[in-house]
Amino acid sequence: MKNIIIKLWVFALLMLPLLATAAKDETQWNKVLKKQYFSGKTIKESNDIIEIDAPYRAEDPALVPIKIISKIKQTKDLYIKKIIVLVDKNPFPFVGEFGFTPETGKADLAMRVRVNTYSYIRAIAEMNNGQLYMTKKFVKASGGCSAPIGADLDAAMKRLGKVKFKLNKNSKLGEPLQTQLLISHPNITGMQMDQVTRFVKKSHFIDQLKVTFDDKLVLTAKIDIAISADPNFRFYFVPNKKGVLKAEFSDVSCESPTSRSMCSKGKEYSSTYQVNP
């Protein structure tokens, strides 16, 4: 019996590298996602333009914090035009497509995402000249897309669409200002059980977001179910004067959590904030 146990331990130890390799498999990216989103395009894998920061092991798979750090300044001649974020092995891998302008100042972005199983999270930056750069980070998490909805969904629905802005107090005219946008929304994935009724709720999530400063674009986002409940975004813009920061967003409900062929538009929301740098 003792010999059998020892052999099992040895076998398990020998299998660990194989399991790690399997977990970090990039077949989904190479065979499906790359063709789906970047067919025929050349992507350079490098941390020279952007770099993604995420925990190797997530504490909460439904609230995985990620930061995308840009390595260049946003100028009229050269800037990051958009960043696409994907979680390879999520049931619906698309997290979001985020648009930037030279007025952004810095194309840094932070948010919380859902990760359903061990997977790479990758961010692909498209420059204004069309060049593509990719960075990735492997994250250990499980069940983020199917984690139960909070116990008090009724209260969450009453707060639906409420917005809060938080700006760095040490702001200066003409310099990138870190801004935090917090939105009250359950962002239901369509795979989550209501803890009260015990039924799986149909998806209901924010799908479009636009932020402007005095009517000039700061950030645009097409987003999906991988964004956590109560979305929380951190980004930058350059205030050259006093003005009004405005967030506009809409939500949608879809019959399937993994298809966007049958969806119903929901409500539109907006909120403003007076900026006095």
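Predicted, not measured: the structure shown is a model, and the values here were computed from it.

Chemist: Teacher, can you tell me more about the side chain of Thr179 here?
Modeler: By the element assignment, Thr179 lies in strand S10 (residues 177-183). Among the polar contacts made by the side chain of Thr179, one reaches the main-chain carbonyl oxygen of Leu177 at a distance of 3.3 Å. The residues touching Thr179, leaving out its near neighbours within four places in the chain, are Phe165, Lys166, Leu167, Phe233, Arg234, Phe235, Phe237 and Leu245.

Chemist: Looking at this model, I keep getting lost on the packing of aromatic side chains. Mind explaining?
Modeler: Any pair of aromatic rings gets described here by the distance separating the centres and the angle formed by the planes. Summed over the entire model, instances satisfying the criterion amount to nine aromatic pairs. Ring pairing ties together the aromatic residues Tyr56, Tyr118, Tyr120 and Phe138, which thus form one cluster. Stacked on the ring of Tyr236, the Lys or Arg Lys106 has its end atom at 4.4 Å from the ring centre.

Chemist: I keep staring at helix H2 (residues 27-38) and nothing clicks. Help me out?
Modeler: Every α-helix winds through 3.6 residues per turn, so residues three or four apart in the chain are directed the same way. An ideal rise of 1.5 Å per residue puts 16 Å on twelve residues; H2 measures up with 15 Å between its terminal C-alpha atoms. Residues of H2 that are buried include every one of Trp29, Leu33 and Phe38, and no others. Along H2, the residues classed as buried sweep out an arc of 85 degrees about the axis, all on the same side. Among the exposed residues of H2, those pointing more than 90 degrees away from its buried face are Lys31, Lys35 and Gln36. In this fold, the buried residues of H2 make contact with strand S1 (43-45), strand S4 (80-87), strand S7 (119-127) and strand S8 (132-139). Positioned one or two residues after H2, Gly40 has a phi angle of 75 degrees, which is positive.

Chemist: Help me understand the sheet that holds S1 in this model?
Modeler: On the basis of which strands lie adjacent, the open sheet formed by nine strands has the order S1-S8-S7-S4-S5-S12-S11-S14-S15 and mixed pairing. Taken across any chain shown, the strands that pair with only one partner, and hence form the sheet edges, are S1 and strand S15 (263-275). The sheet shows a mean angle of 15 degrees between the axes of neighbouring strands, taken without regard to direction. The sheet contact formed by S1 and S8 spans three bridges and is parallel. By the bridge assignment, Lys44 is partnered in S8 with Tyr133. Set on the sheet, H2 makes contact with S1, S4, strand S5 (94-99), S7 and S8; between it and S4 the angle comes to about 145 degrees.

Chemist: Whenever I open this one, the environment of Tyr236 confuses me. Can you help?
Modeler: The residue Tyr236 is located in strand S13 (residues 232-237) in this model. Sequence separation of Tyr236 and Asn30 is 206 residues, and the distance between their C-alpha atoms is 32 Å. Apart from residues no more than four positions distant in its own chain, Tyr236 is found in contact with Thr104, Lys106, Asp108, Pro176, Leu177, Gln178 and Val218. Within the structure, Tyr236 has its side chain in polar contact with the side chain of Gln178 (distance 3.2 Å).

Chemist: Looking at this structure, I do not really get the state of the cysteines. What am I missing?
Modeler: Covalently bonding the sulfur atom of one cysteine to the sulfur atom of another cysteine gives a disulfide. In total, this model carries one disulfide according to the counting rule given. Bridging Cys254 to Cys263, the disulfide has an S-S length of 2.1 Å. Across the disulfide from Cys254 to Cys263, rotation about the S-S bond amounts to roughly 105 degrees, and the bridge is consequently right-handed. By relative accessible area, Cys254 is classed as buried at 1%. Counting only cysteine sulfurs, Cys254 is the nearest neighbor of Cys145, a cysteine outside any disulfide, at a range of 14 Å.

What counts, and at which threshold
Residues numbered from 1 in each chain as written. Predicted model: local features only at pLDDT ≥ 70, side-chain atom pairs only at ≥ 80, totals over all residues. Heavy atoms only, no water. Helix = DSSP H or I, 4+ residues; strand = E, 2+ residues; numbered from the N terminus. Polar contact = N/O pair within 3.5 Å; in protein donor to acceptor, adjacent residues only side chain to side chain. Contact = heavy atoms within 4.5 Å. Phe/Tyr/Trp six-rings, centres within 6.5 Å; stacked < 30°, edge-to-face > 60°. Lys NZ or Arg CZ within 6 Å of the ring centre and 35° of its normal. Expected span 1.5 Å × (residues − 1). Buried < 20%, exposed > 50% of the residue type's maximum accessible area, 1.4 Å probe, protein only. Arc of directions from axis to C-beta. Pairing = 2+ DSSP bridges. Axes fitted to C-alpha atoms, helices over the stretch in contact; angles between N-to-C directions. Disulfide = S-S within 2.5 Å.

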